[in-house]
Amino acid sequence: MKIDIIGDIHGCLPEFEQLTTKIGYQWKNGIPIHPDNRVLGFVGDLTDRGPASLKVAEIVWRLVIEQKRAFYTPGNHCNKLYRYFLGRKVQETHGLETTVAEYKSLNKSDQQSIRKKFIELYENSPLHLVLDKNRLVIAHAGIREDYIGQTNAKVKTFVLYGDITGEKHPDGSPIRRDWAKKYRGEKIIVYGHTPVKEPRIINNTYNIDTGAVFGGKLTVLRYPEMELVSVSSTMPYVEEKFKDFT
Ligand SMILES: [Mn+2]
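The paragraphs below set out a description of the structure included in this document. (Residues numbered from 1 in each chain as written. Predicted model: local features only at pLDDT ≥ 70, side-chain atom pairs only at ≥ 80, totals over all residues. Heavy atoms only, no water.)

**Focus on the environment of Leu131**
For Leu131, the location among the structural elements is in strand β6 (residues 129-131). Along the sequence, Leu131 and Ile188 sit 57 residues apart, while their C-alpha atoms lie 10.0 Å from each other. When near neighbours in sequence (up to four residues on either side) are disregarded, Leu131 contacts Met1, Ile3, Phe71, Leu136 and Ile138. (Helix = DSSP H or I, 4+ residues; strand = E, 2+ residues; numbered from the N terminus. Contact = heavy atoms within 4.5 Å.)

**Quick look at the coordination of the manganese ion**
Listed as protein donors to the manganese ion are Asp8 (OD), His10 (NE2) and Asp45 (OD); their distances from the metal cover 2.2 to 2.4 Å. Sequence positions of the residues that donate to the manganese ion give the spacing D-x1-H-x34-D. Across the pair, His10 and Asp8 agree in class, each one buried. (Donors = N, O, S within 2.8 Å, 3.2 Å for Na, K, Ca; no water. Buried < 20%, exposed > 50% of the residue type's maximum accessible area, 1.4 Å probe, protein only.)

**Regarding the pairing of strand β4 (residues 39-42)**
Here β4 shows two buried faces, one formed by Val39 and Gly41 and the other by Leu40 and Phe42. Relative to β4, strand β1 (residues 3-6) runs parallel, the two being bridged by four bridges. When the sheet's bridge partners are listed, Asp4 is paired in β4 with Leu40. Sheet analysis places β4 next to strand β5 (residues 70-72), joined by three bridges and oriented parallel. By the bridge assignment for β5, Phe42 is matched with Tyr72. Since β4 and β5 lie parallel, the crossover through helix α2 (residues 53-66) that links them has a hand, and here it is right-handed. (Pairing = 2+ DSSP bridges. Right-handed = clockwise from strand over helix to strand, strands pointing away.)

What follows is the structure, given as structure tokens:
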């Protein structure tokens, strides 16, 4: 299979359009289509903080559900928006407030439409994807080798939030273990979640969240070629959001 996997978009629609165009997709009737039948993959975190979260969510719904031309696995921000749409009590913080503001600015029928589509997208998307005869795994925050194919609560926490310890840094951010450094598997794991200035490739794992919404880049990993392509972001640069693993 030939799949172009895109990192955390977070509502950065112009960068998403520019990146897909750069790798040969043609935008027709509002969605990107590749002339050679390549498909798109999404590591999750489609929404929050960027300028056009709901539009991005709708495009991904069209690609995944309506057209069956893409694969998507939810991120922690997707999970929170899903719970918001279900009417659960969630804090409108960490970027969700921007998506909620977009939602509230819509008329009732558009609200109903996007809410229904996003719930459908979320409920039809596994919390990690195992593709290409078990050779390729996509999970929002990555996954430990022994968790691949499992769906219990521990795995759910891991793929949405990473290898968290439950403790926090002095600034309130969660302490995460460097699971990728310990990974010894043969399967290629593509993920996002932790913004890095350049894609981080270690032990068959690829972190392609290059912080588009924090003024970094939006990155795609082209599989099976394993070619990385990025476009720079139009968002203001926020240095402290990027993790330095060196
Ligand atoms: Mn993210």
